[in-house]
Amino acid sequence: MPILLNGRLEAVIPGRSNRRVKIEHDRALYKQRNRIERMFGHLKINRAIATRYDQLASSFLGMVHLATARYWLKFVHVA
């Protein structure tokens with residue numbers, strides 16, 4: 001998936017290992033993107049966020065904050 005940086009598209013996900021023409025990608029940027037994708041995956045376990053039941057943006061943001069707090073508490077409780 002490309003990302004727009006400094007007015008141009010750059011590859012973020014590396015190509016397959018068997019690709020003939022290799023695509024250059026930024027490993028640090030890929031790591032950040034992967035971390036964000038995993039966070040959204042964890043948040044979407046909450047059904048209200050995955051299906052976006054809330055009609056108002058403020059209500060939806062409140063649900064995102066609650067889900068994030070629940071996710072964060074799992075790590076704080078273990079430590």
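What you see is a predicted model; the values in this text were computed from it and never measured. (Residues numbered from 1 in each chain as written. Predicted model: local features only at pLDDT ≥ 70, side-chain atom pairs only at ≥ 80, totals over all residues. Heavy atoms only, no water.)

**Brief notes about the environment of His25**
Alright, step 1. With respect to the secondary-structure elements, His25 resides in the loop between β2 (8-11) and α1 (27-43).
Alright, step 2. The exposure class of His25 is partly exposed, given its relative accessible area of 26%.
Alright, step 3. Sequence separation of His25 and Gly15 is ten residues, and the distance between their C-alpha atoms is 8.7 Å. (Helix = DSSP H or I, 4+ residues; strand = E, 2+ residues; numbered from the N terminus. Buried < 20%, exposed > 50% of the residue type's maximum accessible area, 1.4 Å probe, protein only.)

**Some points on the pattern of salt bridges**
Alright, step 1. Under the criterion given, the structure shown has one salt bridge.
Alright, step 2. For Arg33, the salt bridge identified is with Glu37, shortest N-O distance 3.7 Å. Here the residue Arg33 and the residue Glu37 both occupy positions in helix α1, the gap between them amounting to four residues, near one helical turn. (Salt bridge = Lys/Arg side-chain N within 4 Å of Asp/Glu carboxyl O.)

**Some words on a nonpolar patch on the surface**
Alright, step 1. Taken together, the side chains of Ile36, Met39 and Phe40 present a nonpolar region at the surface, about 270 Å² in accessible area.
Alright, step 2. As for its placement among the helices and strands, Ile36 is situated in helix α1.
Alright, step 3. With a relative accessible area of 47%, Ile36 lands in the partly exposed category. (Patch = residues over 30% accessible without salt bridge, like charges linked within 9 Å, V, L, I, M, F, W, Y side chains within 5 Å. Areas by Shrake-Rupley, 256 points an atom, 1.4 Å probe, with all protein chains shown as cover.)

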